[in-house]
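Summary of the model geometry
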Amino acid sequence: MAKYIVETYYTCTFKVKHYLDDISNNQLEQLDKRDDGEFEILDVKFDKRNTKNLEKSAGKLEVKYNESSETIANTTQNKVSKNTVLNNTFKENITKRFSMPDRRKGYIQKATIGDHKVYLHTGEYEDGKIGEIFIDTSKEGELVKALMNNFAIAVSLGLQYGVPLDEFVSAFIGTKFEPSGKVQGNDRILSATSILDYLFRELAISYLNREDLAHTPSIASKTNSDNNDQSHEEDNQFIKLVKDITSKGFVRNNYREKLVDLSDIKLNLKGKKK
């Protein structure tokens, strides 16, 4: 029969990701009850270990804090085990590539920087998250075109391995080299210091809602954003339909504005039926 009981205290930090088709108060309230989230351990911290003597002394339990070499060895072993778990989790996440679907959504943006035409092609996952880019330029030599193509491949691989688009935006916004200057063909960007500055400014506006990087206000009217958030079930179904069939980058997250356009078309078609 054991005479001692050992109590070990840990602090565990973890993250759970849920993918929601629609954000509403009802779904957010029921979020803690869902079991379909992706679980990820961020940190496991060893706090302390107490050893309690089970033999009674003066009618009370005697509490001892064992700081022997055996306890220190156990603590070290636990830390090593913790680091091993974290390293394995990190390696699993960093070596897992989320490949793009064979048939994917996206958009093409043509713009002119100086006398140089730049074509940006994007590819998206089913949920609208960007997963790849392609860059085409004109009036450039084969070496520059090859470098731009391989740069786009490197960025695409980073996105598919989980590198946030924010990191690329922070790294390449503000880079300066020719061609640069006035931008034509883009309704949100009027000038750029380089091709990379223009490309990641466009991606940040379209996929990250970075209005601080745009030179013109959003086309979406303020009256639509000021309306009440109470929407009918039919409207929500239309918004979900628009999200499923439309590129997130192309509409720049203005799904509700596109919903109005689709609703008008539907009403006109109904009126033509006899």
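So, how was this worked out
- Residues numbered from 1 in each chain as written.
- Predicted model: local features only at pLDDT ≥ 70, side-chain atom pairs only at ≥ 80, totals over all residues.
- Heavy atoms only, no water.
- Axes fitted to C-alpha atoms, helices over the stretch in contact; angles between N-to-C directions.
- Helix = DSSP H or I, 4+ residues; strand = E, 2+ residues; numbered from the N terminus.
- Left-handed = near helix turned anticlockwise from the far one by under 90°.
- Contact = heavy atoms within 4.5 Å.
- Nonpolar A, V, L, I, M, F, W, Y, C, P; charged D, E, K, R; others polar.
- Salt bridge = Lys/Arg side-chain N within 4 Å of Asp/Glu carboxyl O.
- Buried < 20%, exposed > 50% of the residue type's maximum accessible area, 1.4 Å probe, protein only.
- Pairing = 2+ DSSP bridges.
- Arc of directions from axis to C-beta.
- Phe/Tyr/Trp six-rings, centres within 6.5 Å; stacked < 30°, edge-to-face > 60°.
- Lys NZ or Arg CZ within 6 Å of the ring centre and 35° of its normal.
- pLDDT = per-residue confidence, 0-100.
- Core = buried A, V, L, I, M, F, W, Y, C linked by side-chain atoms within 4.5 Å.

1. Description of the packing of helix 3 (residues 142-160) against helix 5 (residues 195-208)
Put simply, helix 3 and helix 5 touch, their axes get as near as 13 Å, and they point 35° apart. For the crossing formed where helix 3 meets helix 5, the hand is right-handed. Facing Met-148, Phe-151 and Val-155 of helix 3, the residues of helix 5 in contact are Ile-195, Leu-196, Leu-199 and Phe-200. When the residues that make up the contact of helix 3 with helix 5 are grouped by side-chain class, the tally is seven nonpolar, no polar and no charged.

2. Considering the pattern of salt bridges
Across all of its chains, the model carries four salt bridges by this definition. Its salt-bridge partner being Arg-201, residue Asp-197 comes within 3.1 Å of it at the nearest N-O pair. In this pair, Asp-197 and Arg-201 both sit in helix 5, four residues apart, roughly one turn of the helix. Accessibility classification places Asp-197 together with Arg-201 in one group, the buried group.

3. Describing the sheet that holds strand 5 (residues 116-124)
Strands sit in the order 6-5-4-7-8 across an open sheet of five strands; the sheet is antiparallel. Strand pairing shows two members of the sheet lacking a second neighbour, strand 6 (130-137) and strand 8 (191-192), which therefore form its edges. As paired elements, strand 4 (residues 108-113) and strand 7 (residues 181-184) share two bridges and run antiparallel to each other. Bridge pairing links Ile-113 to Val-183 in strand 7. Helix 5 contacts strand 4, strand 5, strand 6, strand 7 and strand 8 of the sheet and is inclined by roughly 35° relative to strand 5.

4. Focus on helix 4 (residues 165-172)
Regarding helix 4, the residues found buried are Leu-165, Phe-168, Val-169 and Phe-172. Mapping the buried residues of helix 4 onto a view down its axis gives an arc of 100°, with all of them on the same face. In this structure, the buried side of helix 4 is in contact with strand 6, helix 3 and helix 5.

5. Quick look at the packing of aromatic side chains
Going through the model one piece at a time under the given rule, you end up with five aromatic pairs. Geometrically, the ring pair formed by Phe-168 and Phe-200 is stacked, given 6.4 Å between the ring centres and 20° between the ring planes. In this pair, Phe-168 is assigned in helix 4 and Phe-200 in helix 5, connecting sequence segments 32 residues apart. Of the two residues examined, Phe-168 and Phe-200, each falls in the buried class. The cationic tip of Lys-48 hangs over the ring face of Tyr-9; the distance from NZ or CZ to the ring centre is 5.3 Å.

6. Regarding the confidence of the model for the chain
The predicted model of the chain averages 75 in pLDDT, with 66% of residues at 70 or higher. Note that pLDDT drops below 50 for residues 58-69; the model gives that stretch 19 contacts with residues more than four away or on any other chain. Every residue in residues 221-231 is under pLDDT 50, and counting partners more than four places away or in other chains gives two contacts.

7. Things to note about the nonpolar core
Formed by 31 residues in total, the largest nonpolar core has its most connected members in Ile-133, Ile-135, Tyr-198, Leu-199, Phe-200 and Leu-203. Secondary structure elements with two or more residues in this core: strand 4, strand 5, strand 6, helix 3, helix 4 and helix 5. With nine residues, the single largest contributor to this core is helix 5. Discounting chain neighbours no more than four positions away, the residues touching Phe-200 are Phe-151, Val-155, Phe-168, Val-169, Phe-172 and Ile-173.

8. Things to note about the pairing of strand 5
Here strand 4 pairs with strand 5 via six bridges, running antiparallel. Bridge pairing in strand 5 places Thr-112 opposite Lys-117. The antiparallel pairing of strand 4 with strand 5 creates a hairpin that spans two residues between the two strands, and Gly-114 there sits at a positive phi of about 70°. Across seven bridges, strand 5 lies against strand 6 in antiparallel orientation. Its bridge partner being in strand 6, Thr-122 is matched across the sheet by Ile-133. Connecting strand 5 to the next strand, strand 6, in antiparallel fashion are five residues, including Gly-128 with a positive phi near 95°.

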